[in-house]
Amino acid sequence: MTVTDPGLLLVKMAIAAAVVVTCSLIAERSGPKLAAMIATLPISLGPVLFFLALEHEPAFIAESARGTMHSNVANAGFVLAYVLVAQRLATLPSLAAALTAWIAVLLGVRALSLTALPLTLLATVALVLVHLLVRPFLAARPSVLPKRAWFAVPLRAACVAALVGGVTVASHQVGANWSGILAGLPLVLSSLVLILQPRIGGAATAALIGNGALGLLGVGLGLAVLHFTAVPLGSGPALALGLLLSICWNLGLLARRPAP
């Protein structure tokens, strides 16, 4: 297995950063439900898995998807902790609590050594339960939307580029499962918290993050499709099917009632 070409790696990082920044800027200008549906699409995960697929065999991608399923279950902990804590605390303590919950849930789920199907069922139960728990907090709205901080776009671009570059290089050392876990880091959710909470407050930002619980369920279903189809169909078709399912799931959630 060859080491990633530095020039190609920079191109991958730039493409991924452009995709995530564009989608997150759209999300920032939308209502909380529409913003959550955009933010919970695999807009950072998708590019990472795509570039991993260029360097590894389908079996590696299938196992990476299983690794990312662990991260997606942990996202339930992130959402719940953030929504509850952001009602009272400032940005950094709220994000720290959410990330701590994410790590704790991740370690707990990893210790269970579950296969893909139980992981999918666990994510479904966890995210639906979190959605029910945070529903009382989903109606909050910002009174005024201040101007975007100057560092918002560079911060998102740098974070995503670093994630893509780091996971691509590390994948040759840490293996498929941990590559998937790293690919599933809650990067978009964290960047939205860092940028939006100082601008619109904890309650309104929590409404956006909380609305994303059911959207993350679509990510989990897409990962299950990727895991089970990568080897028989090949990485490209499997990635396309997983992405299509995630998009259709979020569109279905939006169609269920008008986005606020």
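Residues numbered from 1 in each chain as written. Predicted model: local features only at pLDDT ≥ 70, side-chain atom pairs only at ≥ 80, totals over all residues. Heavy atoms only, no water.

### Description of the overall build of the protein chain
- Of the regular secondary structure elements, the protein chain holds twelve helices and zero strands.
- The helix and strand sequence of the protein chain, counted from the amino end, reads α-α-α-α-α-α-α-α-α-α-α-α.
- In the protein chain, buried positions account for 53% of the 260 residues.
- The contacts in the protein chain between residues at least 6 apart in sequence include a share of 83% that link residues at least 24 apart. (Helix = DSSP H or I, 4+ residues; strand = E, 2+ residues; numbered from the N terminus. Buried < 20%, exposed > 50% of the residue type's maximum accessible area, 1.4 Å probe, protein only. Contact = heavy atoms within 4.5 Å.)

### Points about the pattern of salt bridges
- Per the stated rule, a full pass over the model turns up one salt bridge.
- Among the ionic pairs, R66 bridges to E63, the shortest N-O distance being 2.8 Å. One end of the pair is R66 and the other is E63, both in helix 4 (residues 58–85) and three residues apart, which spans about a single turn.
- On the accessibility criterion, E63 (24% relative accessible area) is partly exposed. (Salt bridge = Lys/Arg side-chain N within 4 Å of Asp/Glu carboxyl O.)

### Some points on the confidence of the model for the protein chain
- This prediction gives the protein chain a mean pLDDT of 82; 75% of its residues lie at or above 70.
- Considering only residues more than four positions removed or in separate chains, one finds that residues 1–5, a stretch of pLDDT under 50, has eight contacts. (pLDDT = per-residue confidence, 0-100.)

### Thoughts on a nonpolar patch on the surface
- Residues L117, L121 and F228 make up a contiguous nonpolar surface patch of roughly 320 Å² in combined accessible area.
- Tracing the chain through its elements places L117 in helix 6 (residues 116–134). (Patch = residues over 30% accessible without salt bridge, like charges linked within 9 Å, V, L, I, M, F, W, Y side chains within 5 Å. Areas by Shrake-Rupley, 256 points an atom, 1.4 Å probe, with all protein chains shown as cover.)

### Some remarks on the nonpolar core
- Judged by nonpolar contacts, the single largest core of 33 residues is most densely connected at F78, V79, Y82, V130, L192, L208 and I209.
- Those elements that provide at least two residues to this core are helix 2 (32–39), helix 4, helix 5 (91–112), helix 6, helix 9 (187–200), helix 10 (202–211) and helix 11 (213–233).
- Non-local contacts of Y82, meaning those with residues more than four positions away in its chain, are made with S94, L95, A98, V193, Q197, G202, T205, A206 and I209.
- Of all hydrophobic cores here, the second largest spans 25 residues; its members include L45, A53, A123 and A238. (Core = buried A, V, L, I, M, F, W, Y, C linked by side-chain atoms within 4.5 Å.)

### Re unusual backbone geometry
- With a phi angle near 55°, S113 is a residue other than glycine that sits in the positive phi range.
- Residue position: S113 is located in the loop between helix 5 and helix 6.
- Look at S113 and you get exposed, because its relative accessible area is 61%.

### A closer look at the environment of L106
- The topology assignment puts L106 in helix 5.
- Residue class for L106 comes out buried when judged on its relative accessible area of 5%.
- Once the C-alpha coordinates of L106 and V73 are considered, the two residues, 33 residues apart in sequence, prove to be 7.2 Å apart.
- When near neighbours in sequence (up to four residues on either side) are disregarded, L106 contacts H70, S71, A74 and I181.

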